[in-house]
Amino acid sequence: MTNLELLTAADVQLMQGLAQRVTATNPEMINSEATYGELAWNWGKSHAAHGSTWPRRLWFAGGRLVAWGWAQLPHRVVRSDGQIKEITNANLVYQVHPDHADLIDEVIDWYDRIAAHVERTVVPTASDGFALKEWAARGYETDPVSLGDTGFWTQLNQRDLGDVEEPVLPVGFRFRSADEAGAEAAVRAHVDAWTPSTYSAEAYQGVRQTAGYRGDLHLLVEAPDGTMAASTIMWLDEVNRTAEFEPVGTHPDFRRLGLARAMMLYGMRRVRAMKATRATVACLGAPGHPRARGLYFGLGFREISRDAPLIRTLPQE
């Protein structure tokens, strides 16, 4: 990691600004991990634990950020169930403004240089034909793990907010916000929904410090017994009048009650009152992962972009 520049909170704000500009003109070209909300969420929850393995490079033109690369190098993940996972490959998140498409070559060169001795993965958008050709020319191929019914590629979905039905919760349940319920409840809601998880009070503190986080748009559903049964964070991009759901989760004991649906309807009506006109949410796109996609499509979301996961393996000795 010597002489590598690590990703900072100020960098993330610049990256969010590029996400807003690309969203305004070419939303299908936004990488799933490079959206306004996803950048804040991933940076906030994990930088304290893993930021020392996150080198980055920024490219500017005319004083404005036009491309960036964020490499996630091998590291150790400790989960809430005590399990430890060694991540031995590198992964790249990146974004290049369509008006500066040729910079993809410099992004690839930089990534190959800093992750030269490990297996490398990257997730361009499927609609970026130019970038896909450049990655292929450098030896990157479709990741076989991503193929088939249980592949782990992501699609981004969108709907307009012109007509949003009234949310209905089961008797005794009620909507809360993180501002109202407090930090401990917000953390518990996420850990319960995603167990085993790496989320913690420290991770939540990082999320709260990111640009774009609002406690009044961190929504919860409280059960009659006081359990926070579902939660989501909405990231309001006021420039594009778009709100992004990330993450969305429900406690295992309270699934199939319509809580996530009601919570998302409530959130959409809430941001519509703040002048938002569209909402987005990502999900796994492979046929073997229908649950979240079914929820979102049932709410009127439709796919606007999808990932094309690539891998470059090390040569066999």
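What counts and what doesn't
Residues numbered from 1 in each chain as written. Predicted model: local features only at pLDDT ≥ 70, side-chain atom pairs only at ≥ 80, totals over all residues. Heavy atoms only, no water. Helix = DSSP H or I, 4+ residues; strand = E, 2+ residues; numbered from the N terminus. Buried < 20%, exposed > 50% of the residue type's maximum accessible area, 1.4 Å probe, protein only. Contact = heavy atoms within 4.5 Å. Areas by Shrake-Rupley, 256 points an atom, 1.4 Å probe, with all protein chains shown as cover. Pairing = 2+ DSSP bridges. Axes fitted to C-alpha atoms, helices over the stretch in contact; angles between N-to-C directions. Polar contact = N/O pair within 3.5 Å; in protein donor to acceptor, adjacent residues only side chain to side chain. Arc of directions from axis to C-beta. Salt bridge = Lys/Arg side-chain N within 4 Å of Asp/Glu carboxyl O. Core = buried A, V, L, I, M, F, W, Y, C linked by side-chain atoms within 4.5 Å.

## Examining the overall build of the protein chain
Then, number 1: For the protein chain, the helix and strand inventory stands at 9 helices and 15 strands.
Then, number 2: Counting only C-alpha atoms, the protein chain reaches 60 × 45 × 40 Å along its principal axes.
Then, number 3: Per-residue burial over the protein chain gives 52% buried out of 317 residues.
Then, number 4: Summarising the internal contacts of the protein chain: among those between residues at least 6 apart in sequence, 72% fall at separations of at least 24.
Then, number 5: Summed over its atoms, the accessible surface of the protein chain is roughly 14700 Å², and 49% of this surface lies on carbon and sulfur atoms.

## Focus: unusual backbone geometry
As a rule of thumb, non-glycine residues mostly have phi less than zero, and peptide bonds are mostly trans rather than cis.
Then, number 1: Put simply, Thr195 and Pro196 share a cis peptide bond, and its omega is -5 degrees.
Then, number 2: Positionally, Pro196 belongs in the loop between α6 (183-194) and α7 (201-208).
Then, number 3: The linkage connecting Glu246 with the following residue, Pro247, adopts the cis geometry, with an omega of 0 degrees.
Then, number 4: Within the secondary structure, Pro247 is located in strand β12 (residues 242-250).
Then, number 5: Positive phi, close to 85 degrees, is recorded for Lys275, a residue that is not glycine.
Then, number 6: Relative to the helices and strands, Lys275 is located in the loop between α8 (259-272) and β13 (278-284).
Then, number 7: Residue classification places Lys275 among the exposed positions, given a relative accessible area of 59%.

## Some details on the sheet that holds strand β14 (residues 302-306)
Sheet strands pair via backbone hydrogen bonds, and the direction of the pair is either parallel or antiparallel.
Then, number 1: The mixed open sheet is built from 7 strands, whose spatial order is β9-β10-β11-β12-β13-β8-β14. The open sheet has two edge strands, β9 (174-177) and β14, and neither has a second partner. Neighbour to neighbour, the strand axes of the sheet diverge by 30 degrees on average, direction disregarded.
Then, number 2: In this structure, β12 lies alongside β13, joined through 4 bridges in parallel fashion.

## Section: the environment of Arg120
Then, number 1: The topology assignment puts Arg120 in strand β6 (residues 120-122).
Then, number 2: Each C-alpha atom, one on Arg120 and one on Asp11, is 23 Å from the other, the two residues being 109 residues apart in sequence.
Then, number 3: Apart from residues no more than four positions distant in its own chain, Arg120 is found in contact with Ala90, Tyr111, Asp112, Ala115, Tyr140, Leu310, Ile311, Arg312 and Leu314.
Then, number 4: Polar contacts involving the side chain of Arg120 include one to the side chain of Asp112, which spans 2.8 Å.
Then, number 5: Polar side-chain contacts of Arg120 include one of 3.1 Å to the backbone oxygen of Ala115.

## Examining helix α4 (residues 129-137)
Then, number 1: Among the residues of α4, those classed as buried are Ala131, Glu134 and Trp135. The arc that holds every buried residue of α4, seen down its axis, measures 100 degrees, which confines them to one face. In α4, the exposed positions angled more than 90 degrees off the buried face are occupied by Lys133 and Ala137.
Then, number 2: Where α4 is buried, its residues contact β5 (90-96), α3 (104-114), β6 and β15 (310-312).
Then, number 3: Directly beyond the C-terminal end of α4, a positive phi value near 95 degrees is found at Gly139.

## Focus: the pattern of salt bridges
Then, number 1: All told, the structure shown has 16 salt bridges when counted by the stated rule.
Then, number 2: Ionic pairing is found between Asp11 and Arg56, a salt bridge with its closest N-O pair at 2.8 Å. Residue Asp11 is found in helix α1 (residues 9-25), and its partner Arg56 is found in strand β1 (residues 56-61); the two are separated by 45 residues along the sequence.
Then, number 3: With a relative accessible area of 5%, Asp11 lands in the buried category.
Then, number 4: The salt bridge involving Glu166 is made with Arg269; its shortest N-O contact spans 3.0 Å. In this pair, Glu166 is assigned in the loop between β8 (154-160) and β9 and Arg269 in helix α8, connecting sequence segments 103 residues apart.
Then, number 5: Residue classification places Arg269 among the partly exposed residues on the basis of a relative accessible area of 28%.
Then, number 6: Through salt bridges with shared partners, one network takes in Arg174, Arg176, Glu180 and Glu222.

## Some words on the side chain of Gln95
Then, number 1: Tracing the chain through its elements places Gln95 in strand β5.
Then, number 2: There is a polar contact of 3.0 Å between the side chain of Gln95 and the backbone oxygen of Met29.
Then, number 3: One polar contact links the side chain of Gln95 to the main-chain amide nitrogen of Asn31, over a distance of 3.1 Å.
Then, number 4: Aside from chain neighbours lying at most four places away, what touches Gln95 is Leu18, Val22, Met29, Ile30, Asn31, Ala34, Val66, Ala67 and Trp68.

## Looking at the nonpolar core
Then, number 1: Phe173, Phe245, Val248, Leu259, Met264, Met268 and Phe301 are the most contacted members of the largest nonpolar core, which has 31 residues in total.
Then, number 2: Elements that contribute at least two residues to this core include exactly β10 (218-222), β11 (228-237), β12, α8 and β13.
Then, number 3: The leading source of residues in this core is α8, at 8 residues.
Then, number 4: Beyond its immediate sequence surroundings of up to four residues, Met264 is in contact with Phe245, Val248, Val281, Leu295, Tyr296, Leu299 and Phe301.
Then, number 5: Counting 23 residues, the second-largest nonpolar core is a separate cluster that includes Ala71, Ile104, Ile108 and Ala115.

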